[in-house]
2 protein chains.
Amino acid sequence: MWEQLFHRSSKPGLSLQGQIREMMVSAILTGVLTPGDPVPSSRELARHLGVGRITVVLAYQQLTEESFLVSHQRKGHFIHPDVLQGRTPQAPPAPDADGEESAVTPADWGQRLWLRPSEQRSIVKNENWQSFPYPFLYGQFDKDLFPTAAWRECCIKALSVLDIHQWAPDLITRDDDSLIHQIQTKILPRRGVWASPDEIIITVGAQHALYMVGDLLLRDDSSVGMEDPGYPDARNIFSSRTSQLKFLPVDGSGLPLSGELCDLDYLYVTPSHQCPTGVTMPLERRHALLNMAQEEDFILIEDDYESESSFDDQPIPALKSLDRSNRVIYIGSLSKSMAPGLRVGYIVAAPELLQELRALRRLMIRHPSTFIQRTLAMFISLGHYESQLRKLGAAQKERHAALVAAMAEHLPECRITPVRGGGSCWVQLPDHVSARELAVVAAEHGVLVEPGDIFFQSPVAPGNFVRLGYQSIPTSKITQGVQALAEAMRGIGRPAA
Amino acid sequence: MWEQLFHRSSKPGLSLQGQIREMMVSAILTGVLTPGDPVPSSRELARHLGVGRITVVLAYQQLTEESFLVSHQRKGHFIHPDVLQGRTPQAPPAPDADGEESAVTPADWGQRLWLRPSEQRSIVKNENWQSFPYPFLYGQFDKDLFPTAAWRECCIKALSVLDIHQWAPDLITRDDDSLIHQIQTKILPRRGVWASPDEIIITVGAQHALYMVGDLLLRDDSSVGMEDPGYPDARNIFSSRTSQLKFLPVDGSGLPLSGELCDLDYLYVTPSHQCPTGVTMPLERRHALLNMAQEEDFILIEDDYESESSFDDQPIPALKSLDRSNRVIYIGSLSKSMAPGLRVGYIVAAPELLQELRALRRLMIRHPSTFIQRTLAMFISLGHYESQLRKLGAAQKERHAALVAAMAEHLPECRITPVRGGGSCWVQLPDHVSARELAVVAAEHGVLVEPGDIFFQSPVAPGNFVRLGYQSIPTSKITQGVQALAEAMRGIGRPAA
């Protein structure tokens, strides 16, 4: 039995001692082991499991300290008799007025779900993407670039007595001051933005920032402009709040100015790298856009999408840094360059707006985990964030060059939109090739690509675009990946013989 | 200069080496030190700062590895000349069409804020509560009960290569499987609830769970019942979505059944410990409530508020565990018993509802930080969570007894609502005492109490209730705290002589 239990709970991430503890706790709480029962002696269990005796002794010792086991001199260890105390007993069946079991009417959820977010069109990624040799995906992480040692160091530092005091309470509307300070002094100046602490709020990733802005500001009749193709999740957030969405085509310099912008209330825009084409809006257009926003009195929601990644030396200043009328709501991400799963972003906006965003966030989530906030603040303050950005930037530049070269050689019939930075290429396939079909066939060749139709608002979007991300694929695999993609493409789109 | 820089950035939580790195990075990024400039030799800086030379050597070594410094043989260390590369230059002023600076019209936020969450009535807690000797507050943490070593151990385990692979990506709609598994097998069975993984979703604390449920299910004409007095944040969430809120008085057994429940669509209820009175709903009433929900076809939103804390051995099963028609939406918290700042909660509900909650959460935040999720899963699987609950339960039982005894002795004129568990007492002051006035005077005596009027829906609520929490005050200070409170009370409420 013990070998089976042990085997079942074995987790490569845990030490042997941890695995023994995990097995015992699990077996006790799931009723496999009964309170009061004896457990094998440490010598016996060690032999059974093929581990050193001291490992078992140490595991038993901790389990005893935590009252899962109790030790009786000369008799050995037993499952603590009170270990299940405080647990709810099995519920008796519910009698109705007559003492009979009443018939059960299951709740009808269909009629109650007036909103069905699951039916919105959104980007779908293969859950098992890490098992594919050539994942050309955007927005994921690269295990070789994650700063494990530095992050561990910062976690441990965030667990000093003094730090715990500061982050462990419910901060209600506030954030961890140290993270706000780091963003203010180390992150925003990189983008030319100078903000005071009352203009900054932390979010659970950039997605959360967008949702809060939508929740607070949009109502049925708000007129909102967005790029087309554009970011599908923004489209989904805005479209569940207003029917007045205006889709604006983009060119090789991002969103062009036009009369269509005149009667907007809000404009959502991705100037540093347009989503999904990756193009950068030039400085002159940024100035013109700001002037127009001021003249026509609309608000700019700037998603400073991968702002830090530029193949040139000097990224163009954010709209927010040029804004003198406080009409730019700036959204940034901190976790994307390390591990998207960490989920940390932020908003910079006018203080009167920020105050309401804080009150809204209080109702919504209180605040993002302050343990993560404090750890990240340490990470930035010790310079790890800067060096992470440099490492990532160098990798992306190299990968981009490799991808462009490989595409030119193996898929010259595809057109790549030229970009100045970022983690993906926007690729136009020959007219007769369906991107969706290609994605399916490519996956069989071990290659993951993202069909581009989802980025267009119209369900009958151009079907021959793909986004090729290179954030999760090392340079060494790019050429092979493109070769495999070319092979996949040769296999489709031909009329049957 | 160096001593000043060093002193300014000194943080007790950091090692000396960390402090030197923090100082250098900060000085470089804020422009105090210029790229290419020499820095003092390690010997010199060590002397200046009064630290060991090896400390400086190691700090320089890491800064060099991360390209903040560059080392030239026999010349020493210099600020890396490219350290500021990739940063946005100072933005030039914006010219308008005539080449003149255009006049700036600041955005008018007043007219755009159609929702003003900051104006809602909510619980206000003193930010500096940790500096008061007698903080009788609810929902905060106790530094002596935080499991620092165990949490640190789990953070480190969550940073194994294999674990990083699993949590670091953007999981989009999913959660960390291991946390779902731990909740399913170790947490929910304590409450008599057996759920499958597709019935569980992780949230950023219980607050987030409530918000999502409100966002997904409520619309203008939804009729929602809630307890009065009740949880103000729930009231604020629901009232921003529907005007059909029905406030239902509670008795010594929680929410009583009445004809008023008949035409509800949803009922928000806190059966394990009613918020704020702390009373527990007996099993019979739970059965009756479920029967009524089924007959009248309304949905129960069960906030299983501090469910784990019972002074008796057996807590009463959750409504969810008695529910056979899938009409209970169950909300739980995981972080409250350790550190509210961690922010982890969860919802258990019917799979068809869960699917929409996942899609909604994707738009809202994607998912709560999976690093926190994985660390917490480790923490539960290793038995630390069980032992934390036991430790907390024992402390609360002891503190409750001390509080009741001290109140009987020093404030016999106050009436305490009897409770079976939980972290606070609901106290009725004599009629002539204003709880708000008492809170102000008590703070001058070092005592923090929460005035109870905020829990009532009516702004002209009874003014003589307070909530006395004992989650953040050790037993040893309770008697003194009550004495100080009694003294404060003697000082108010008397007509001027």
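Since the model is a prediction, treat every value here as computed from it, not as a measurement.

A.B. asks: Which residues make up the overall build of chain A, and what are the values?
C.D. replies: Helix and strand counts for chain A come out as 16 helices and 15 strands. Each principal axis of the C-alpha distribution contributes one length, and for chain A these read about 85 × 65 × 65 Å. Out of the 497 residues belonging to chain A, those deemed buried represent 62%. In chain A, which carries 47 positive and 58 negative side-chain charges, the distance between the mean positions of the two groups comes to 7 Å.

A.B. asks: Please provide a residue-by-residue account of the relation of the copies chain B and chain A, values included.
C.D. replies: Superposition of the two copies of the chain requires a rotation about an axis and a shift along the axis. Expressed as a screw operation, the relation of chain B to chain A combines 0.0 Å of axial shift with a rotation of 180 degrees, fitting to an RMSD of 0.1 Å. Viewed as a symmetry operation, the transformation between the two copies matches a two-fold axis. Within chain B, C155 of chain B has its C-alpha nearest the rotation axis, a separation of 3.5 Å. When the interface residues of chain B are mapped onto chain A, 100% of them again fall at the interface, so both copies present the same face.

A.B. asks: Any chance you could break down the side chain of S325 of chain B for me, citing the residues and the numbers?
C.D. replies: Secondary-structure assignment places S325 of chain B in the loop between α11 (319-322) and β9 (328-333). Excluding anything up to four places from it in sequence, S325 of chain B contacts V104, T105, P106 and A107 of chain A together with Q294 of chain B.

A.B. asks: Any details on the pairing of strand β10 (residues 345-348) of chain B? Residues and values, ideally.
C.D. replies: Where a strand is regular, its side chains alternate between the two sheet faces. Residue and element names in this part refer to chain B. Here β10 shows two buried faces, one formed by G345 and I347 and the other by Y346 and V348. Of the pairings in the sheet, the one linking strand β4 (residues 200-203) to β10 comprises 4 bridges and is antiparallel in character. Counted as the bridge partner of T203 is G345 from β10. As paired strands, β9 and β10 are joined by 4 bridges and run antiparallel to one another. Pairing of S333 across the sheet is with G345, part of β10.

A.B. asks: An account of the sheet that holds strand β8 (residues 299-303) of chain A is requested, with residue identities and associated values reported.
C.D. replies: Residue and element names in this part refer to chain A. Taken in spatial order, the 7 strands make up an open sheet running β4-β10-β9-β8-β7-β5-β6, and their pairing is mixed. Only two strands of the sheet have a single neighbouring strand rather than two, namely β4 (200-203) and β6 (245-249). In this sheet, adjacent strand axes meet at a mean angle of 20 degrees when their direction is disregarded. Against the sheet, helix α8 (residues 205-217) contacts β4, β7 (266-269), β8, β9 (328-333) and β10 (345-348), and its axis sits at roughly 155 degrees relative to β9.

A.B. asks: Tell me about the interface of chain B and chain A, and please be specific about residues and values.
C.D. replies: Taken residue by residue, the interface counts 151 residues in chain B and 151 residues in chain A. It is W109, R112 and L363 of chain B that lose the most area in chain B upon contact with chain A, and together they represent 7% of the buried surface on that side. For the interface between chain B and chain A, the tally reads 14 salt bridges. Linking R366 of chain B and D233 of chain A is a salt bridge whose minimum nitrogen-to-oxygen distance equals 2.5 Å. Taken together, chain B and chain A are joined by 47 residue pairs in polar contact (both at pLDDT 80 or more). Broken down by element, the residue count for the side of chain B that touches chain A peaks at 9 residues, all from helix α12 (residues 351-364) of chain B. Counted by class, the side of chain B that touches chain A contains 69 nonpolar, 45 polar and 37 charged residues.

A.B. asks: Tell me about unusual backbone geometry, residues and numbers included.
C.D. replies: The linkage connecting D228 of chain A with the following residue, P229 of chain A, adopts the cis geometry, with an omega of 0 degrees. Following the sequence through the fold, P229 of chain A ends up in the loop between β5 (224-228) and α9 (232-239). The linkage connecting C275 of chain B with the following residue, P276 of chain B, adopts the cis geometry, with an omega of 10 degrees. Residue position: P276 of chain B is located in the loop between β7 (266-269) and α10 (283-296). Not every positive phi belongs to a glycine, and R366 of chain A is a case in point at roughly 70 degrees.

A.B. asks: Provide a residue-level description of the nonpolar core, including the pertinent values.
C.D. replies: By size, the foremost hydrophobic cluster in this structure holds 93 residues, and its most contacted members are L217, F238 and I329 of chain A together with L217, F238 and I329 of chain B. The biggest single contributor to this core is helix α8 (residues 205-217) of chain B, with 8 residues. The next biggest cluster of nonpolar side chains, apart from the first, holds 88 residues, and it includes V193 of chain A together with I187, I202 and I380 of chain B.

A.B. asks: Residues and numbers for a negative patch on the surface, please.
C.D. replies: Taken together, the side chains of D220 and D221 of chain A together with D220 and D221 of chain B make up a negatively charged region of the molecular surface. Tracing the chain through its elements places D221 of chain A in the loop between α8 and β5.

A.B. asks: Explain the pairing of β7 of chain A to me, and be specific about the residues and the numbers.
C.D. replies: Residues and elements named next belong to chain A. Side chains Y266 and Y268 of β7 all project onto a buried face; the interleaved residues L267 and V269 project onto the opposite face, where all are buried too. Relative to β8, β7 runs parallel, the two being bridged by 4 bridges. When the bridges of β8 are listed, Y266 appears paired with I299. Between β7 and its parallel partner β8, the chain crosses via helix α10 (residues 283-296), and the hand of that crossover is right-handed.

A.B. asks: Tell me what's going on with the pattern of salt bridges, and back it up with residues and numbers.
C.D. replies: Within the structure shown, the criterion is met by 50 salt bridges over all chains. A salt bridge links R21 of chain A to E153 of chain B; the nearest nitrogen and oxygen atoms lie 3.2 Å apart. Within this pair, whereas R21 of chain A is found in helix α2 (residues 16-29), its partner E153 of chain B is found in helix α5 (residues 148-157), the two belonging to separate chains. You can call R21 of chain A buried: its relative accessible area is 2%. Here the residues in one salt-bridge network are D170, R362 and R366 of chain A together with D233 of chain B, joined through shared partners.

A.B. asks: Summarise α2 of chain A; cite the residues concerned and give the values.
C.D. replies: Residues and elements named next belong to chain A. The terminal C-alpha atoms of α2, which comprises 14 residues, lie 20 Å apart, in line with the 20 Å expected from a rise of 1.5 Å per residue. Most of α2 sits out of view: 12 of its 14 residues are buried. Listing the buried residues of α2 in full gives G18, Q19, I20, R21, E22, M23, M24, V25, S26, A27, I28 and L29. Just past α2, the residue G31 takes up positive phi, approximately 85 degrees.

A.B. asks: Could you give an account of α10 of chain B, naming the residues involved and the relevant values?
C.D. replies: All names here are of chain B. Between the first and last C-alpha of α10 there are 20 Å, a value that for 14 residues agrees with the 20 Å anticipated at 1.5 Å per step. For α10, every residue scored as buried is listed here: R285, R286, H287, L289, L290, N291, M292, A293 and Q294. Close packing links the buried residues of α10 with β7, β8 (299-303), α11 and β9. Of the residues one or two after α10, D297 is the one with positive phi, at around 55 degrees.

What counts, and at which threshold
Every residue gets a number counted from 1 within its own chain, in the order that chain's sequence is written. Starting at A for chains and at 1 for ligands, labels are handed out in the order in which the entities are written. Selection of residues for local features in this predicted model requires a pLDDT of at least 70, selection of side-chain atom pairs for listing and counting requires 80 or more, and totals for whole chains, interfaces and linings are taken over all residues. Each side-chain value is worked out from all heavy atoms of the structure, with water and hydrogens disregarded. The secondary structure listing takes helices from DSSP runs of H or I that are at least 4 residues long and strands from runs of E that are at least 2 residues long, numbered from the N terminus. Throughout, exposure labels follow a simple rule: accessible area from a 1.4 Å probe, protein chains only, divided by the maximum for the residue type, with under 20% read as buried, over 50% as exposed, and the rest as partly exposed. By the counting scheme adopted, Arg and Lys are positive, Glu and Asp are negative, and His together with the chain ends is not counted. Charge positions come from single atoms, namely NZ of Lys, CZ of Arg, CG of Asp or CD of Glu. Our superposition of the copies is a least-squares fit, built on the C-alpha atoms of residues whose pLDDT is at least 70 in both. Contacts are assigned to residue pairs that have any heavy atoms within 4.5 Å of one another. Two strands pair under a simple rule: DSSP has to find at least two bridges between them. Axis angles are defined between N-to-C directions and span 0 to 180 degrees, where every axis is a line fitted to C-alpha atoms and, for a helix, only to the segment in contact. Joining two parts hides part of their accessible area as seen by a 1.4 Å probe, and the buried area is that hidden amount summed over both. Each salt bridge in this description consists of a side-chain nitrogen of Lys or Arg and a carboxyl oxygen of Asp or Glu lying within 4 Å of one another. The definition of a polar contact used here is a pair of N or O atoms within 3.5 Å, where within protein one atom must be able to donate a hydrogen and the other to accept one, and adjacent residues in sequence count solely through side-chain atom pairs. Gly falls in the polar group here, along with every residue not listed as nonpolar (Ala, Val, Leu, Ile, Met, Phe, Trp, Tyr, Cys, Pro) or charged (Asp, Glu, Lys, Arg). Buried Ala, Val, Leu, Ile, Met, Phe, Trp, Tyr and Cys residues form a nonpolar core when they are joined through side-chain atoms within 4.5 Å. Like charges within 9 Å and nonpolar side chains (Val, Leu, Ile, Met, Phe, Trp, Tyr) within 5 Å are joined into patches, using only residues over 30% in relative accessible area that form no salt bridge. Only the protein chains shown count as cover for residues, and all accessible areas are computed by the Shrake-Rupley method using a 1.4 Å probe. Place the viewer so that the strands point away; then a crossover is right-handed whenever the path from the first strand over the helix to the second strand goes clockwise. The span you would expect from a helix comes to 1.5 Å times its residue count less one.

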